Amino acid sequence: MSKVVKGNKMQNMPWEECPKGYEQPIWRYSQNPIIKRRPVEGVSRVFNSAPVPFNGEFIGVFRGDNVDDIPHLYVGHSKDGIHFEFEKEQIHFVNEKGEKVPDTNYQYDPRVIPFEDYFFIVWCDDFAGPTIAIAKTYDFKKFVKFDTPFLPYNRNGVLFPRKINDSYMMLSRPSDSGHTAFGDIFISESKDLTYWGKHRLVMQRGYEWWCALKVGAGPVPIELDDGWLVFTHGVNRTCNGYVYSIGAIILDKDNPSKVLYRCKNFLMTPEAEYETVGFVPNVIFPTSALVDEKTGRIALYYGSADTYTCLAFTTVDRVVKYIKDNAR
Ligand code: BMA
């Protein structure tokens, strides 16, 4: 059995037991969606967002698509990780000297990475087209934005929660400026968060139909004693549009460009009405995973139909067994 090396130590992590007789690797929260339409003034939909534990409660950076459809980032607070309240003002950033930096045209799909005693935020930003941005915060009040790490076009970046072989490591999915009919997961290294290199291909789309068009990293990789558990999104192109499912891979501990196990099946695909009906039907998109260090329970936050925020649950034992039993 794999053991969680670094998870969360929480009394109050969201959790619901698996329904009796349910055999899929992940089960949905019975009260989904947890964030419905128009949760705060001026925001039409909140999805693809990243809650994390903070001071015994929960906080997060959320994608809020405004009433003009343009996405911006918002801070949200919660006592139980299920009911969130949002700040009315979008996040504004300062540079490393503490000076305000101009707001970009849009920001979306944030990941929040607990790292030492602070958090990194990685999201898709406008830099003459979409690309990855990084910021750092201690308190979710002041957000320090670093130099843009990658050239456009790239959306979907996530950092590992610690350095590996003395380097920061980023998974990302290079793309184009539109709806990107391709996508593979790459890994890049940096000693200083400014200069990125040693790019390696981690995983290519294509073998399985559910991720035939693109595959990208989801939440922050979960450190196990025998590998990194990475939830992914995979995209199938049907005659009726793209379908986004949730998958998973396990990467080598010391050389995470190496895939140890690649699950040939999706773990979850759009089935519930809040996943199949909405602004963009048939999309489930995981962006945050809480893992309880002691029990191995996992609470997975995902966006559904580019409209709602939802929760699903599994355990490290259950999901790792499923991945290994169904490895390609
Ligand atoms: C992807 C991202 C996500 C979105 C998905 C489905 O390319 O932009 O934000 O959820 O498309 O529309």
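Definitions and limits used
Residues numbered from 1 in each chain as written. Predicted model: local features only at pLDDT ≥ 70, side-chain atom pairs only at ≥ 80, totals over all residues. Helix = DSSP H or I, 4+ residues; strand = E, 2+ residues; numbered from the N terminus. Rg over C-alpha atoms; globule rule 2.2 N^0.38 Å. Buried ≥ 20, exposed ≤ 12 C-beta atoms within 10 Å, placed from the backbone. Contact = placed C-beta atoms within 7 Å. Near = placed C-beta within 6 Å. Nonpolar A, V, L, I, M, F, W, Y, C, P; charged D, E, K, R; others polar. Pairing = 2+ DSSP bridges. Axes fitted to C-alpha atoms, helices over the stretch in contact; angles between N-to-C directions. Core = buried A, V, L, I, M, F, W, Y, C linked by C-beta atoms within 7 Å. Arc of directions from axis to C-beta.

Engineer: Explain the overall build of the protein chain to me, using residue names and the numbers behind them.
Structural biologist: Within the protein chain, the regular secondary structure consists of 2 helices and 22 strands. Relative to its length of 328 residues, the protein chain is compact, with a C-alpha radius of gyration of 18 Å against a globular reference of 20 Å. Along the first, second and third principal axes, the C-alpha set of the protein chain runs to 55 × 45 × 40 Å. Split into buried and exposed, the 328 residues of the protein chain put 48% on the buried side. Pairs at least 24 apart in sequence give 51% of the contacts found in the protein chain among residues at least 6 apart.

Engineer: Describe the environment of isoleucine 113, naming the residues involved and giving the relevant values.
Structural biologist: Relative to the assigned elements, isoleucine 113 resides in strand 7 (residues 107-115). In sequence terms isoleucine 113 and proline 51 are 62 residues apart; their C-alpha atoms lie 10.0 Å from each other. Sequence-distant contacts of isoleucine 113, defined by excluding residues within four places in its chain, comprise Phe119, Phe120, Val122, Val158, Leu159, Pro161 and Val220.

Engineer: Let's hear about the site of the ligand: which residues, and what values?
Structural biologist: In the vicinity of the ligand, the contacting residues are Asn48, Tyr108, Asp109, Arg155, Tyr244, Val280, Val283, Phe285, Gly303 and Asp306. Of the residues assigned to the shell around the ligand, the class counts are 5 nonpolar, 2 polar and 3 charged.

Engineer: Can you tell me about the sheet that holds strand 11 (residues 154-159), naming the residues and giving the values?
Structural biologist: Spatially, the 4 strands line up as an open sheet ordered 11-12-13-14, and their pairing is antiparallel. The outermost strands of the open sheet, each flanked by one partner alone, are strand 11 and strand 14 (196-203). Across the sheet, the mean angle separating the axes of adjacent strands is 30 degrees when strand polarity is ignored.

Engineer: Tell me about the nonpolar core, residues and numbers included.
Structural biologist: By size, the foremost hydrophobic cluster in this structure holds 91 residues, and its most contacted members are Ile121, Val122, Leu159, Ala248 and Leu300. For this core, the leading source of residues is strand 18 (residues 241-251), giving 7 residues. With residues up to four places along the chain from it excluded, the contact list for leucine 159 reads Ile113, Phe120, Val122, Tyr168, Met169 and Met170.

Engineer: For unusual backbone geometry, give the residues involved together with the corresponding values.
Structural biologist: Leave glycine aside and you will find that most residues have negative phi; peptide bonds, for their part, are mostly trans. Residues asparagine 32 and proline 33 are joined by a peptide bond in cis, for which omega reads -10 degrees. Examined against the element boundaries, proline 33 turns out to sit in the loop between strand 2 (27-28) and strand 3 (43-54). In this model, proline 152 is joined to tyrosine 153 through a cis peptide bond whose omega is 0 degrees. Following the sequence through the fold, tyrosine 153 ends up in the loop between strand 10 (144-145) and strand 11. Its identity as a non-glycine residue notwithstanding, asparagine 48 has a phi of 45 degrees, on the positive side. Classification of asparagine 48 by C-beta neighbours within 10 Å gives buried; the count is 29. With phi around 45 degrees, lysine 198 is a residue other than glycine that occupies positive phi space. As for its placement among the helices and strands, lysine 198 is situated in strand 14.

Engineer: How would you sum up the pairing of strand 4 (residues 57-66)? Please name residues and give values.
Structural biologist: Most of strand 4 sits inside the fold, with 8 of its 10 residues counted as buried. Summarising the sheet, strand 3 and strand 4 pair through 9 bridges and their orientation is antiparallel. Paired with valine 46 across the strands is glycine 64, a residue of strand 4. Where strand 3 folds back on strand 4, the antiparallel hairpin that results is connected by 2 residues, among which asparagine 55 adopts a positive phi of roughly 50 degrees.

Engineer: Any details on helix 2 (residues 316-325)? Residues and values, ideally.
Structural biologist: Every buried residue of helix 2 is listed here: Val316, Val319, Val320 and Ile323. Take helix 2 and look down its axis: the buried residues cluster within an arc of 95 degrees, on one side only.

Engineer: Would you mind going over the sheet that holds strand 4 in detail, with residue names and values included?
Structural biologist: If you trace the 4 strands from one edge of the open sheet to the other, you get 3-4-5-6, paired in antiparallel fashion. The two strands at the open ends of the sheet, each matched to only one other strand, are strand 3 and strand 6 (85-86). With 2 bridges connecting them, strand 5 (residues 71-78) and strand 6 associate as antiparallel partners. Bridging across to strand 6, glycine 76 finds its partner in phenylalanine 86.

Engineer: Could you give an account of the environment of threonine 232, naming the residues involved and the relevant values?
Structural biologist: Within the element layout of this structure, threonine 232 appears in strand 17 (residues 227-238). Classification of threonine 232 as buried rests on a count of 26 C-beta atoms within 10 Å. In this structure, threonine 232 is in contact with Val215, Gly216, Ala217, Gly218, Gly247, Ala248 and Ile249, ignoring residues within four places of it in sequence.

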